[in-house]
Amino acid sequence: MRKGPGSCSSSGSGPGYSEPLRILAVETSCDDTAVALLEDGRAAAERIHSQLVHVDHGGVVPELASRGHMKVLPSLVDQVLMEAGSIHPSMIDCFAATAGPGLVGSLLVGLSWAKAAAWASGKSFLGINHLAAHLYVHYGTGSEVEFPAVALLASGGHTCLFGMASWEEIVLLGSTRDDAAGEAFDKTAKVMGLGYPGGARLDSAAERGDPGSIRLPSPLSDPSDPEFSFSGLKTAAKLAWEGGADLHDLAASFRETIVGILVSKLMYQCSHSGARSVLAAGGVTANSLLRSRLEGEASRAGVRLFLPDLKHTMDNALMVGRAALAVLRRDPSAASPLTCNAFARWSGTSLSPLGCQ
Ligand code: KG4
Ligand code: ZN
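All of these numbers come straight from a predicted model, not from anything done at the bench.

Novice: Can you walk me through the domain arrangement of the protein chain in this structure?
Specialist: Accessible area lost during the coming together of the parts is what is often quoted as the interface size. The domains assigned to the protein chain are domain 1 (22–136 + 313–330) and domain 2 (149–307). Each of domain 1 and domain 2 has a C-alpha centre, and the two are 27 Å apart. Of the residues lining the interface, 13 residues belong to domain 1; the matching set on domain 2 comes to 16 residues. Of the roughly 1,300 Å² buried between domain 1 and domain 2 on both sides combined, carbon and sulfur atoms contribute 70%. Area buried by domain 1 at its contact with domain 2 is led by L131, L135 and T313, which between them contribute 47% of it. Linking domain 1 with domain 2 are one salt bridge, by the criterion used here. In this structure, the salt-bridge partner of R330 is E168, at a minimum N-O distance of 2.9 Å. Our enumeration of links across domain 1 and domain 2 arrives at four residue pairs in polar contact (both at pLDDT 80 or more). Tallying contributions element by element places helix α3 (residues 130–136) first for the side of domain 1 that touches domain 2, with four residues.

Structure below.
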């Protein structure tokens, strides 16, 4: 990390620092192009554009995703700046973008844009870790997380459990050995003819089914084991479908199995770590059963539950901006180098909001 040319301030008290602190955040790690302008952590304006081009291909085509980001990013930035009150780029203190993990070609679009904007305006740039950003959607909201905390990140690309002693100390407890929870939802939905991405459609179909009607395997289901495995479950669901299972019953049984595993492992970690807060984030936290189960379990355990609002379960730029805000509050002169590169995978045990290769 280097000190930036025009360093960002979190307090507005330093010489030449603006008040409010303005961060322009960009997220292009997969197939959603997202831009947000934050003023002291609040979204003054934000836009998310989800690419539809992948639907016909039944999955994200990386080259099309990169080209899609190229096409819409400049106009999304213009719209956000306009909506926030005709903000001129010179009024922005810091430009932040996701550096990884994700599709490298997609990441490079947002990353290069943010670096160029920072360089041209003499302001600082921050490269942000996407996984940390999902958790940081709960940062600086006005309803502060009490520590220690445990967190579940469940998305299309990741399923991880984290222990959090504070926002600065986030430790990986376990992750998936094969498919992510969202990936299992999407692939099973596709087999069942629900289209792509089918997680939300499978969730809706499950509402009219009997969750106890079809016996599916629960791999690595011991709550004390923080690792996940969903690939065997996905195959079992495919075999049940090919064997003539009812769509609604299979959807309900499949959803029940995944949600049961996610909730039991998260709540085990909660009770065995003396956690005061439980955080959940990522696209799968839009799942209606997961949300209601977590609400019930957290209330029973007497801990505070932090669930993103539905819009911010998916990939978004507000979470990237909040991760950047946390970095700046810790060190107002923080800045990533302009050589910050995109990365496809994150492997580590301690998760930081800053991430560059
Ligand atoms: O966080 P996200 O937008 O992107 C990644 O970083 O992966 O998560 C997208 C994932 C997809 O797999 C999608 O099917 C899943 O979240 N998802 C759901 C629901 N809504 C979205 N999975 C289960 N139930 C839902 N209601
Ligand atoms: Zn994500």
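Once the structure has been displayed, the description carries forward.
Novice: It is not clear to me how the sheet that holds strand β4 (residues 42–50) should be interpreted in this structure. Could you clarify?
Specialist: Think of a sheet as strands paired side by side through backbone hydrogen bonds, with each pair either parallel or antiparallel. Sheet architecture is open: five strands sit in the order β4-β3-β2-β5-β6, paired in mixed fashion. Bordering the open sheet on either side are β4 and β6 (124–129), each of which pairs with just one other strand. Between one strand axis and the next, the sheet turns through 20° on average, direction left out of account. Where strand β5 (residues 94–100) meets β6, six bridges bridge the pair, whose relative direction is parallel. If you follow F95 over to β6, its bridge partner there is F125. Its contacts with the sheet place helix α1 (residues 62–83) against β2 (22–27), β3 (32–39) and β4, and it is angled at close to 25° to β3. Of the strands in this sheet, β2, β3, β4, β5 and β6 are in contact with helix α9 (residues 318–330), which crosses β2 at around 135°.

Cut-offs and rules
- Residues numbered from 1 in each chain as written.
- Chains lettered and ligands numbered in written order.
- Predicted model: local features only at pLDDT ≥ 70, side-chain atom pairs only at ≥ 80, totals over all residues.
- Heavy atoms only, no water.
- Domains from an automatic or database assignment.
- Contact = heavy atoms within 4.5 Å.
- Buried area = accessible area lost by both parts, 1.4 Å probe.
- Salt bridge = Lys/Arg side-chain N within 4 Å of Asp/Glu carboxyl O.
- Polar contact = N/O pair within 3.5 Å; in protein donor to acceptor, adjacent residues only side chain to side chain.
- Helix = DSSP H or I, 4+ residues; strand = E, 2+ residues; numbered from the N terminus.
- Pairing = 2+ DSSP bridges.
- Axes fitted to C-alpha atoms, helices over the stretch in contact; angles between N-to-C directions.

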